[in-house]
Amino acid sequence: MENTAAGTPQDYSAIIAHQERQIYNLRHLLEISKSFASPLDSSALVESLLYTCMSQLRVTAAGIFSLPQMGATDYTLDDDCIGFDLLPHTKYCLKDSEGVIPLLSETGKSASIQELAVVLKGSNDLLLLESLKATLAVPMIYQNHIVGILVLGQRILGDDDEAFTQEERDQILDIATLAALSINTAMLIEQSSTDMLTHLKLRHFFYNVVGNRLRQAKESGTPMAIVMLDIDHFKQFNDIYGHACGDFVLQRIAHLLQSSIRTNDLAARYGGEEFIIMLNNVTEHDAGRITERIRSAVEHDDIVFSDIHMQVTLSAGFTVYYPEGVPDKKIKLEQLVNLADEAMYTSKHNGRNRVTYLAFNLLDKQ
């Protein structure tokens, strides 16, 4: 009687090939986890994840439906996507309470569009994913909570079948789980460094980031400016109209500041009604023009709180650091901030609602 218990050489070869692929995937997963652990900025982390998924599964597009802020219930697809042809002025969102989100939350597994169609036939979520030409939806789960939904676009086909293998699904689910942990950590760091009222960065974050930028400026010879701004007579808004009004004014000013600077600049709430801005690679003329534009925008903004129209003004001061003009490379950020602060108080003493510039060489008088 023939012994069929032992496997054939082909069987052993298949087992060995499978184990080798598993080892390769585990090693690759370790490298991916290292890359996810390095960027603290959530946008850089998401971009790294999307490109990783596209290369690993050979798809033309990838994106993440995520919660835009704490307390939100709609998972939206905004800037966190690559390759999808999004229509302008169109909101792409999946609701927390219906369709894809609860389904993937319950199963904890990925689902192809064909599989979703069986359960969610005719639903808004399904129509949305079909309009994107998505092929696979993957839950990003952290502590039994969905951080986001990773969606993949059409595959770049070679000799392989269009369907995702179970091994590929397991691999992308592992990547999504690692990314969910990293994104959650990045979000916690983001929250701890952000003022919840104005959504600007906090003072300690500003010092850390701009301190590094100052060192880069010294090495590259790139000038940078520090701007200090203070709301004139802010106390009267709290005293006359209440603290809710004061909070509203702070939020509005923060919005105007953020919309007036470039992506490589940085605005932060310095404390109370004071704000600070770092302007990257600007001359004295450029920094003065930007600061004056902010001052003018605030002065002419119609701030309405409880049907009360209020005029708000700012006093501002700034200084510019030119590395080539300063032989002493030991200059500290605190010195620049103090000089900008002195310039701001000069604006206060000279009548408020104005911008004052103090040259960097005044530092030797401090």
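Everything below is about the structure printed above this text.
Residues numbered from 1 in each chain as written. Predicted model: local features only at pLDDT ≥ 70, side-chain atom pairs only at ≥ 80, totals over all residues. Heavy atoms only, no water.

**As for the side chain of Asp-195**
Within the fold, Asp-195 resides in the loop between helix 6 (166-192) and strand 8 (201-202). Polar side-chain contacts of Asp-195 include one of 3.2 Å to the side chain of Arg-269. If we ignore the near neighbours within four places in the chain, the residues touching Asp-195 are Leu-200, Leu-202 and Arg-269. (Helix = DSSP H or I, 4+ residues; strand = E, 2+ residues; numbered from the N terminus. Polar contact = N/O pair within 3.5 Å; in protein donor to acceptor, adjacent residues only side chain to side chain. Contact = heavy atoms within 4.5 Å.)

**Brief notes about the pairing of strand 10 (residues 266-271)**
Taken across its 6 residues, strand 10 has 5 buried, putting it largely inside the fold. Two elements, strand 10 and strand 11 (residues 274-280), share 5 bridges in a ladder whose sense is antiparallel. Looking at strand 11, one finds that Ala-268 is bridged to Ile-276. Here strand 10 hands over to strand 11 after 2 residues, with Gly-272 in that stretch at a positive phi of 60°. (Buried < 20%, exposed > 50% of the residue type's maximum accessible area, 1.4 Å probe, protein only. Pairing = 2+ DSSP bridges.)

**Notes on the sheet that holds strand 15 (residues 355-357)**
Here 6 strands make up an open sheet; going across it, the order is 8-10-11-9-14-15 and the pairing mixed. The open sheet has two edge strands with one neighbour each: strand 8 and strand 15. Docked against the sheet, helix 10 (residues 284-299) engages strand 9 (224-231), strand 11, strand 14 (314-321) and strand 15, running at close to 165° with respect to strand 14. Across the sheet, helix 11 (residues 333-349) lies against strand 9, strand 10, strand 11, strand 14 and strand 15, angled at about 145° from strand 14, the strand it touches most. (Axes fitted to C-alpha atoms, helices over the stretch in contact; angles between N-to-C directions.)

**Some details on the environment of Thr-107**
The topology assignment puts Thr-107 in helix 3 (residues 100-107). The spacing of Thr-107 and Pro-139 is 32 residues in sequence and 9.2 Å in space, taken between C-alpha atoms. A polar atom in the side chain of Thr-107 sits 3.5 Å from the backbone oxygen of Leu-104.

**Some thoughts on the packing of aromatic side chains**
The tally for this structure, following the rule as stated, stands at 5 aromatic pairs. Look at Phe-248 and Phe-305: their rings are 5.6 Å apart centre to centre, the planes differ by 45°, and that puts the pair in the tilted class. Of this pair, Phe-248 sits in helix 9 (residues 243-260) while Phe-305 sits in strand 12 (residues 303-305), and the two are 57 residues apart along the sequence. Looking at Phe-248, the relative accessible area reads 30%, which means it is partly exposed. A residue is classified by how much of its surface remains accessible, and Phe-305, at 18% relative accessible area, is buried. Taken together, a centroid distance of 4.9 Å and an interplanar angle of 35° make the contact between Phe-318 and Tyr-357 tilted. In this pair, Phe-318 sits in strand 14 while Tyr-357 sits in strand 15, placing the two residues 39 residues apart along the sequence. Above the face of the Phe-205 ring, Lys-201 is positioned so that its terminal group lies 4.6 Å from the ring centre. The lysine or arginine in question, Arg-203, covers the ring of Tyr-270, its NZ or CZ lying 4.0 Å from the ring centre. (Phe/Tyr/Trp six-rings, centres within 6.5 Å; stacked < 30°, edge-to-face > 60°. Lys NZ or Arg CZ within 6 Å of the ring centre and 35° of its normal.)

**Points about unusual backbone geometry**
Although it is not a glycine, Asn-144 sits at a positive phi angle of roughly 65°. Assignment of secondary structure puts Asn-144 in the loop between strand 6 (136-142) and strand 7 (145-152). The exposure class assigned to Asn-144 is exposed, which follows from its relative accessible area of 77%. Positive phi values are uncommon outside glycine, yet Asp-307 reaches one of about 65°.

Any functional reading would require information that these geometric values do not contain.
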